[in-house]
Amino acid sequence: MDILDKVYEALIADDYIKTQALGRIKYYEYPATGNIDKPYIVIDPLNSPDPSDYGSNKWTKYDYLIQIDVWSHDRKLTDSVANKIRNIMWDAFGFAQKAGPKEYDEGVFRDARRYRGKLYRDDFDSL
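Residues numbered from 1 in each chain as written. Predicted model: local features only at pLDDT ≥ 70, side-chain atom pairs only at ≥ 80, totals over all residues. Heavy atoms only, no water.

Chemist: Hey, could you go over the nonpolar core for me, with residue numbers and the actual values?
Modeler: Counting residues in each nonpolar core, the largest one holds 24 residues, and the members touching the most others are Val 7, Leu 11, Ile 41, Ile 85 and Phe 95. Taken together, the elements giving at least two residues each to this core come down to α1 (3-12), α2 (15-21), β2 (40-45), β4 (58-72), α3 (75-93) and β7 (108-120). In this view, Val 7 contacts Ile 43, Ile 66, Ile 68, Met 89 and Phe 93; residues no more than four positions away in its chain are not counted. If you look at the next biggest cluster of nonpolar residues, it comprises 5 residues, including Ile 36, Tyr 40, Trp 71 and Val 108. (Core = buried A, V, L, I, M, F, W, Y, C linked by side-chain atoms within 4.5 Å. Buried < 20%, exposed > 50% of the residue type's maximum accessible area, 1.4 Å probe, protein only. Helix = DSSP H or I, 4+ residues; strand = E, 2+ residues; numbered from the N terminus. Contact = heavy atoms within 4.5 Å.)

Here's what the structure looks like:
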């Protein structure tokens, strides 16, 4: 399962996110602070998926920890986009928000929220 693609698809399926950041949603790729004219979103897995939830001596799910950054020059817009992402992560995957850094530097507001959750393995039916 490619969690990065799944998160990306869930984000661009939302009209608000699509309007605010389409073309500026990246994996691992952080922008230079001078290159932010509209909100920029970075999806960054913080660790490899961990096997979890065992049954009949086999693991059934992956446990994910993902950080999603929102960068923009507008504090309220940064918060609005980050809040929308929080709702999408919960509604689409059941991933709960965890603490993450909230920073301001060189005119850019950065909200980096972390999300943790579990999803069934792709091959669960064949076990």
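Now that the structure has been shown, we can carry on.
Chemist: Describe the packing of aromatic side chains, and please don't skip the residues or the numbers.
Modeler: Applying the stated criterion across every chain yields a total of 7 aromatic pairs. The interplanar angle of 25° and the centroid separation of 6.1 Å between the aromatic rings of Tyr 64 and Phe 95 together place this pair among those described as stacked. Of this pair, Tyr 64 sits in strand β4 while Phe 95 sits in the loop between α3 and β5 (96-98); the two residues are 31 residues apart in sequence, bridging distant segments of the chain. Just as Tyr 64 is buried, Phe 95 falls in that class too. Through successive ring pairs, a cluster of aromatic residues spans Trp 59, Tyr 62, Tyr 64, Phe 93 and Phe 95. Here the basic side chain of Lys 61 rests over the ring of Tyr 120, its NZ or CZ set 4.7 Å away from the ring centre. Across the ring face of Trp 59, the terminal group of Arg 121 is positioned such that the distance to the ring centre comes to 3.8 Å. (Phe/Tyr/Trp six-rings, centres within 6.5 Å; stacked < 30°, edge-to-face > 60°. Lys NZ or Arg CZ within 6 Å of the ring centre and 35° of its normal.)

Chemist: Would you mind going over the side chain of Arg 121 in detail, with residue names and values included?
Modeler: If you trace the backbone, Arg 121 turns up in the segment after β7. Polar contacts involving the side chain of Arg 121 include one to the main-chain carbonyl oxygen of Trp 59, which spans 3.0 Å. (Polar contact = N/O pair within 3.5 Å; in protein donor to acceptor, adjacent residues only side chain to side chain.)

Chemist: Pulling in residues and values, what's your account of the pairing of strand β3 (residues 50-55)?
Modeler: Both β3 and β4 contribute to a ladder of 5 bridges, which runs antiparallel. In the sheet register, Ser 52 faces β4, and the bridge partner there is Lys 61. Adjacent in sequence and paired antiparallel, β3 and β4 are bridged by 2 residues, among which Ser 56 carries a positive phi angle near 55°. (Pairing = 2+ DSSP bridges.)

Chemist: Please set out the pattern of salt bridges residue by residue, giving values where relevant.
Modeler: For the structure shown, the criterion picks out 7 salt bridges. Measuring nitrogen to oxygen at the nearest pair gives 2.6 Å for the salt bridge that ties Arg 110 to Glu 103. Residue classification places Arg 110 among the buried positions, given a relative accessible area of 16%. When its relative accessible area of 41% is taken as the criterion, Glu 103 is described as partly exposed. A cluster of three or more residues bridged by salt bridges with shared partners is formed by Asp 79, Lys 102, Asp 111 and Arg 113. (Salt bridge = Lys/Arg side-chain N within 4 Å of Asp/Glu carboxyl O.)

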